[in-house]
Amino acid sequence: MDDLIKEQVKCDEVEYPNENEMWNKIIRKQQNRNYKTKKHSYKPRIILSAILFTIVLSSTTVFAKYSTEILDWMRNMNRTGIITSLENGFGQEVNKTAENEVGVLTIHNVVSDQNGTTINFSLDIDHDYPIDYADFEHALLKIGDGKEIQMEASAVYNQESDKLVGVLHTDEEIPHNSNVTLQLGGVKEIQLKSIELKDLAHSNTYPEKINIHQDGISQIDFISNDYQNGQYILDYLIELEEPNNIEHAYLSYTIQNEPLAKNNGVTYKRPQPNVIKESDSLEIPKEAVKKLGVYLNYNDTVSYKPQTWNLDFQYNQDLAKQSSFVLDVDKKVELGFQQLQFKELVITPSRVKLYFDKKNIKTNSNWSYVYNYRQIKLRIGEQELSGNYFDDGYLSFEIQELIKDITNKEIALTLKDATVSYKAEKQDKVELTNISDVPQTIKADLNGYPIDVTYYANGNDLIVESESKNEQFGGITQNVIYQNGERIFAETRSNDGVLRTHKQVETFKNINEKDITLNFFLYTVYEDRAKTIILQ
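Residues numbered from 1 in each chain as written. Predicted model: local features only at pLDDT ≥ 70, side-chain atom pairs only at ≥ 80, totals over all residues. Heavy atoms only, no water.

1. Details of the sheet that holds strand β28 (residues 461–467)
Sheet strands line up and pair through hydrogen bonds in the backbone, either parallel or antiparallel. The 5 strands are arranged β26-β27-β28-β32-β31 in an open sheet whose pairing can be described as antiparallel. At either end of the open sheet lies a strand with only one pairing partner, and these are β26 (440–446) and β31 (492–493). Relative to strand β32 (residues 503–508), β28 runs antiparallel, the two sharing 6 bridges. Bridged to V464 within β32 is E506. (Pairing = 2+ DSSP bridges. Helix = DSSP H or I, 4+ residues; strand = E, 2+ residues; numbered from the N terminus.)

Right, here's the structure in full:
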């Protein structure tokens, strides 16, 4: 399947930013506070960010040994499962420091079990300029037996403590009674900047391009905007100048000056080195679209410190592992050409993971491929957990509260709301005649779904817009033109059937013929395809 996709589909890779809504909640919480700084008189700019880590608000009455500000950021920055582990004594306090000429690193605590390791840390660095967060070039755990584990590291600036506070994470476990060395270094201190975009959001009219010309950002090119099914959807390109320092840029939104959480957001792989392609979905009433405030947010690296901190500690907390529940699973689920072979369910105080092996299989059915389920649920007794699919080979479910007495409870996995990709048949095509710069629309039928195809010339290029009013139809992912025995795919596409439904805009380069056959190639359909698998 992977080879087939690589050969036949020129599709972008996509990333899903983590939990925008939760990040917006903590931002609103911070904006409502009156902060006082210890070292500096400036007030850091607090703006929306969709590129950090999962933020979950949780209340707790434990952590008596920690100060109030440390309690707050641990609650706000960690997954609920990590908080649950710490609350119930499954984590280990470390509270050790390491210092170099740049500042002081403190490891506060560690939670490690069969589903991964999370370390809470803070970094006290003197600086005379505002910062919002930090990235790290390297974060490495060295275990006493010589094993090295790469970790993901992220930190935000906490004004109350006047420190960078953050989390380190890996999917690997630290063995009991291990001598551990943490190496953390290469700090990039980053400001998050924001530019208000005036007179942008309107349900029908909006500027196609907005010039920016600031800090290496050239302009924003709006591909399309639309309102459907209670959601306002914007597709856009952020074009960068050369040279630039921009690693990430995105739009955020407000209603009456209050932050508005994205219902969904997708950052596509850059179609060109200096272009960021994005798509945002906002769940708002249609009449509120005109009141929408839109902001361009991007990062600016204000300082780089190459120094490394080395900190040694002993990890001797085995309670989490002893409290883990591991169930061997021998269940299969077919997703079109792919089959997931579930092999192990691991329930720890911090997270639930259902591990699987994936392989391609032969099928006699029509070419179809389920590439996403929008609802993944795991029911353990009466408790239901929402999950996500990870291509690393597991489904992950967040713990909301400690799960007890597992052995006597029914455990069931439910998959619903499948996004299914189909390959069109040979007869699925339309004739585009008398191509000119005047748009023409023809009607077509694709496997029972009505399609409106609008086409026109733009210089030497052919623009094809395809749209369906059927709510079950997710859109045409890709069309193809055959010329002289060669397949010609669109040079650019507005979307890939991921966020935007029903509509696709494709640009075919250097098409000079006035009459041409357009072949439908891949399209997306939303289907229930509900599956329930009893694991225990």
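2. A few points about the nonpolar core
Among the nonpolar cores identified, the biggest contains 54 residues, and F342, L345, L413, L432 and L462 are the most heavily contacted of them. Counting residues per element, this core draws most heavily on strand β24 (residues 411–423), which supplies 6 residues. Those residues in contact with L432 that sit more than four places away from it in its chain are I442, V453, Y455, L462, V464, K514, D515, I516 and L518. One finds I119, I125, I143 and I149 within the second-largest nonpolar core, a separate group that totals 32 residues. (Core = buried A, V, L, I, M, F, W, Y, C linked by side-chain atoms within 4.5 Å. Buried < 20%, exposed > 50% of the residue type's maximum accessible area, 1.4 Å probe, protein only. Contact = heavy atoms within 4.5 Å.)

3. Quick notes on the pairing of strand β12 (residues 231–240)
Where burial is concerned, most of β12 is hidden: 8 out of the 10 residues are buried. Hairpin connection from strand β11 (residues 217–228) to β12: 2 residues lie between these consecutive antiparallel strands, with N229 at a positive phi of about 55 degrees. Where β12 lies against strand β16 (residues 275–283), 9 bridges are found, and the strand directions are antiparallel. From the neighbouring strand, D235 faces β16, where its bridge partner is S279.

4. What about the pattern of salt bridges?
Scanning all chains against the criterion turns up 12 salt bridges. Salt-bridge contacts for E189 lead to K305; the nearest nitrogen and oxygen are separated by 2.6 Å. One end of the pair, E189, is in strand β9 (residues 178–197); the other, K305, is in strand β17 (residues 292–315), and 116 residues separate them in sequence. For E467, the salt bridge is made with K469, and the minimal N-O distance between the two is 3.6 Å. (Salt bridge = Lys/Arg side-chain N within 4 Å of Asp/Glu carboxyl O.)

5. A closer look at the pairing of strand β29 (residues 473–483)
Buried residues dominate β29, accounting for 10 of its 11 residues. Strand direction decides the pairing type here: β29 and strand β33 (residues 516–527), joined by 6 bridges, are antiparallel. Bridge pairing in β33 places F473 opposite V525. The pairing of β29 with strand β30 (residues 486–489) spans 4 bridges and is antiparallel. The residue of β30 that forms the bridge with Y482 is R487. In this structure, the hairpin formed by β29 and β30 is closed by a connection of 2 residues, where N484 is found at a positive phi of approximately 55 degrees.

6. Comments concerning the packing of aromatic side chains
A full pass over the atoms with the stated rule returns 9 aromatic pairs. Each ring, one from F222 and one from Y236, has its centre 6.1 Å from the other, and the planes form 50 degrees; the classification is tilted. Of this pair, F222 sits in strand β11 while Y236 sits in strand β12; the two residues are 14 residues apart in sequence, bridging distant segments of the chain. For the pair F222 and Y236, one class covers both residues: buried. For the ring pair F356 and Y389, a centre distance of 5.5 Å and an interplane angle of 20 degrees mean the geometry is stacked. Pair noted here: F356 is in strand β20 (residues 351–360) and Y389 is in strand β22 (residues 383–390), with a separation of 33 residues, a long-range link. On the accessibility criterion, F356 (4% relative accessible area) is buried. On the accessibility criterion, Y389 (34% relative accessible area) is partly exposed. (Phe/Tyr/Trp six-rings, centres within 6.5 Å; stacked < 30°, edge-to-face > 60°.)

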